[in-house]
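Descriptive structure summary
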Amino acid sequence: MHKKLLAALWIVPALCASSAQGASQIKNIKVAISNPGDHPRKAADIVISITEIRKVAPDFTPGAMVVTASDASTVEQDASATQTEELPSQVDDLDGDGKGDELAFQIDLAPHQTRIVTVSYGNQDRIWRLRGDYQQRTAALFSRKIEGLGWESERVAFRVYFDSRNAIDLYGKRRPSLQLGMYASPDYTYHDESPEGRDIYKIGDAIGIGSVAAMVDGKTIKVAEVKERKWRIVASGPVRTILELEYDGWNAGGKIIDLRSRITQWAGERGFTHTIFAKSADDIEFVTGLPAKPGIEPATSGKDSPAAWMATWGEQVVAPGPTATEAVPGQRLGLAIITQAPHAAFRDDSKNHLVDFKLSNGSQSWYTIAAWDQEGSNRRVVYGNRKEKGQRQSLILPSDAIRSREEFLNSVQEQAERLARPAGVHIVSDSASSEHAPADTLVPHKTKTVEQAIGLLRQDIDRTAAQWEPVLQATSEPITSHSGQGFFTEANNVTGEWQKQNGYFWTGSFWTGELWQLYSATRDEKYRRWAELWGSKLIGQESLQNHDAGFLYYYSSAMGFDATRDDTLRASALRAAERLEQLFNSKTQLIASWGVNGDDTIIDTMMNLQLLWWASEKTADKRWSEIGKKHALRTAEWFVRPDGSVSQSVHYNPGDGRQSFTLRGGGEEAELPLVNSVAPGQWVFAHTHQGFAADTTWSRGLGWALYGFSAAYSETHEPLFLATAQRIADYAIKILPSDSAPWYDFDDEGVHFRNQDSSAAAIIAGGFFRLSLITTESARAKSYREAGERIVQSLIDRYLTPVGDNDQTPPGVLRHGCGVRPNDAMLIYGQYYLLEDLLWLKQHKTQESSANPVKP
């Protein structure tokens, strides 16, 4: 922190580039994932070694991380993305030491596409708020019922007999789901027909589907004579399952070998990778293969194939029943083995189509595929009305099975290309870092003074009034909250042009508020004329409003009366206060946000109490302030968490015991049936729609709370309100990013939505300023004021145009507000609160004495 004087102008302390109010709790590593092929790759399998990650991020925490991706092909493009896609991921401990070895996830890639993936890690509490609940799409289990170890994806399940047969067998699935647990359940007959799936294959005396054996003197030797067999499930996750079989003392035709098989099954795939490891066995000829079936000849890869493969297709599905041996007419099954083993060769014996190979550096891998043409024939999904959703699946989608030999061989060839030319993985970060602020805030810039910033905002306000006054005057019909032209909320970050909207929305008074602020500061009559013009469109509609009557009429009618003493404006503001009184529920002790006897209240309503404090002062009627105090007390109890973070919305029983609640967000409504026995007036559940999740902290909501409780204490001197405001402020100081402009959600930190919110920053700064005047501890008061100053300086230097010498955006545009994620725009309320902050700083050039707090 430092201070600088320019001529006679007083300015806010400049923000040092390295200063930070709180340390980021999330770090990021950027990884480029590339498709080298000419064909799209849906759900490409990606594995990154934890060791490689730690080369750039030594403090990487595998147990607390989340993986996201944008469609950007470069880190620079990725920095401009406003939203990412979360990729289900898992960390696997391969050696059983309790520490992660590999990070695994899947990603969709277009031909030759590169996508930037972000691996975010850090504070466990923070990460697990952000990490999704991933659907379990692979599984493994050991059960005597299935005679060994099984593994599966939603498409297909396999098992290996845990005895001298050591053969891999197959379960086909009519319904895409995980079914091994069903097959292993007592008394369940998995050979019989089922709408789910069943055992569809007969191994007989063959080595199995993709199993391992040895070739000695022209004879196939199964892994039969073994001193000890051991198994373990290495991983069974949403993305992939890994399991291992160990064969100690395998007698492979007179040669004793310790062999280990590792099997990996990825989500959504019809096949698995089988990797074997053995010491001192490089001279052994190993084989894998497919059972030979009468009348079905194998197809093999051509010379141009990137990997060698062998495949069979035909009627090789065994009929239902535990003793059946005949094939089902008309049902077809494709099986394939793909290998990149050098010098692999195809051969047959009486029971098998074989692929023989030798180990390379003690190991070798191959990929096994099974595709049943009845797969997905019962692809049931949930769709339809609420009753249907609450009961059974109501729709069967067309099967997505492979239906022909040509289609199957094409899929085998595609998988061969994937194995031969895997997706490229390149860690592009030199070190881990927090997510960056918008690029246009990071360009070289000059420090602005408070006066300069006010001047820039005035330019934008004058320009806006000149442009929109004709639009307002041309609107003949009455303007309501949702009809008529002349009001605006969002403007383009680049052009500064306000978007047209129908009605004044909940934000209409912030524009009149700016005009009243400038009139009070300058006594320039044009601002009074404009404020009265726009404010007149709101008068007479007070009783039609929801809780936003506080916003709409405090910043227009109440503020206008204070500037002009116009009784028409006073009457309007008092009618709006009466509307808030109507919305107050004595059972909940809260002002319902959306209607009389409503079932929810949002944190924004704390700001609307300003109108009640004003009404009590003007009328000397304490009922207004008593309502405000009761609302603030209940809000402190229900909305503010012990650490100072804030919930956005709370739903409650308003007194009628309702079992259905209305969820609002993004301009939409949804009914939530929720059986409950909550007493009248009591809390039912919390809800959020503008932050990331119900247990995270929406930054603008925190701003409303900080500002609102500071104002509440100034008006009531209730100690709880001061303590609550301080708790919120201390939380914010610890968690604000380095440029002091919060992310749209304090917890997200740009992981899912890359929106910082300049409007939240301006509101929070206003809360800090007001709190600095009422806090009795001088050091604490000083820290709050300095926190507000850092925010304002960052906003006017980095977010308020022009930023840098080459900025072509018109002056006075406050960029990067986030109304509803992932929108990124200038917001009218962000502009209002920044102007209010600047005027406050101009008025309070030195810290007020903490011994004599001044009411803001």
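In case you missed it, the structure is sitting above this.
An account of the accompanying structure is given in this report. (Residues numbered from 1 in each chain as written. Predicted model: local features only at pLDDT ≥ 70, side-chain atom pairs only at ≥ 80, totals over all residues. Heavy atoms only, no water.)

**With respect to the nonpolar core**
Within the largest apolar cluster, 122 residues are counted, with the highest numbers of intra-cluster contacts made by L611, F709, F768, Y833 and L834. Look past the residues within four positions of Y833 in its chain and what remains in contact with it is F510, F551, Y555, M607, W704, Y707, A762 and I763. The next biggest cluster of nonpolar side chains, apart from the first, holds 51 residues, and it includes L170, I200, W250 and I257. (Core = buried A, V, L, I, M, F, W, Y, C linked by side-chain atoms within 4.5 Å. Buried < 20%, exposed > 50% of the residue type's maximum accessible area, 1.4 Å probe, protein only. Contact = heavy atoms within 4.5 Å.)

**Things to note about the environment of I221**
Of note, I221 is situated in strand β14 (residues 219-222). Taking relative accessible area as the criterion, I221 reaches 17% and is therefore assigned buried. Considering only alpha carbons, one finds I221 and I207, 14 residues apart in sequence, at a separation of 8.8 Å. Non-local contacts of I221, meaning those with residues more than four positions away in its chain, are made with A213, A214, V216, W250, N251, A252 and G253. (Helix = DSSP H or I, 4+ residues; strand = E, 2+ residues; numbered from the N terminus.)

**A look at the pattern of salt bridges**
Summed over the entire model, instances satisfying the criterion amount to 61 salt bridges. E246 is the salt-bridge partner of K230, the closest N and O atoms lying 3.6 Å from each other. Of this pair, K230 sits in strand β15 (residues 228-236) while E246 sits in strand β16 (residues 240-252), and the two are 16 residues apart along the sequence. Since its relative accessible area comes to 24%, E246 is described here as partly exposed. The salt bridge involving E669 is made with R664; its shortest N-O contact spans 3.4 Å. Since its relative accessible area comes to 57%, E669 is described here as exposed. A network of salt bridges, in which partner residues are shared, links E147, R159, D163, R165, D169 and D199. (Salt bridge = Lys/Arg side-chain N within 4 Å of Asp/Glu carboxyl O.)

**So, the sheet that holds strand β11 (residues 168-173)**
Here five strands make up an open sheet; going across it, the order is β8-β9-β10-β11-β12 and the pairing antiparallel. A strand with exactly one partner marks an edge of an open sheet, and here the two such strands are β8 (138-143) and β12 (197-199). Neighbour-to-neighbour, the strand axes of this sheet turn through a mean angle of 20°, independent of strand direction. Sheet analysis places β11 next to β12, joined by three bridges and oriented antiparallel. Along β12, the bridge assignment pairs K173 with G197. (Pairing = 2+ DSSP bridges. Axes fitted to C-alpha atoms, helices over the stretch in contact; angles between N-to-C directions.)

**Some words on the packing of aromatic side chains**
Going through the model one piece at a time under the given rule, you end up with 46 aromatic pairs. Note on W151 and F272: the rings are 5.3 Å apart at their centroids and 80° apart in plane angle, and the pair reads as edge-to-face. Placement of the pair is W151 in strand β9 (residues 148-153) and F272 in strand β18 (residues 271-278), with a sequence separation of 121 residues. The same class applies to W151 as to F272, namely buried. Ring-pair connections join several aromatic residues into one group, and the members of that group are F505, W506, F510, F551, Y554, Y555, W704, Y707, Y829, Y832 and Y833. A cation over a ring is seen here: K293 above Y201, with NZ or CZ 4.6 Å from the ring centre. Taking the ring centre of W624 as reference, the NZ or CZ of R623 above it sits at 3.9 Å. (Phe/Tyr/Trp six-rings, centres within 6.5 Å; stacked < 30°, edge-to-face > 60°. Lys NZ or Arg CZ within 6 Å of the ring centre and 35° of its normal.)

**Description of the packing of helix α17 (residues 778-799) against helix α18 (residues 828-843)**
With their axes 11 Å apart at the nearest point, α17 and α18 run at an angle of 125° to one another. On the basis of their axis angle, the class for α17 and α18 is oblique. With respect to the hand of their crossing, α17 and α18 are arranged in left-handed fashion. Counting all contacts with α17, which are made through R785, E789, V792, L795 and I796, the residues of α18 involved are L834, D837, L838, W840 and L841. (Parallel < 35°, antiparallel > 145°, perpendicular 65-115°, else oblique. Left-handed = near helix turned anticlockwise from the far one by under 90°.)

**What to know about the packing of helix α8 (residues 508-522) against helix α10 (residues 549-564)**
To describe two helices that pack against each other, one gives the angle between their axes and the distance between the axes. Remark: α8 packs on α10, axes separated minimally by 7 Å, with the N-to-C direction vectors making an angle of 20°. The orientation of α8 with respect to α10, classified from their angle, is roughly parallel. Seen along the crossing, α8 lies across α10 with a hand that is left-handed. Residues G508, S509, F510, T512, G513, W516, Q517, Y519 and S520 of α8 lie in contact with α10, whose contacting residues are F551, L552, Y555, S556, M559, G560, A563 and T564.

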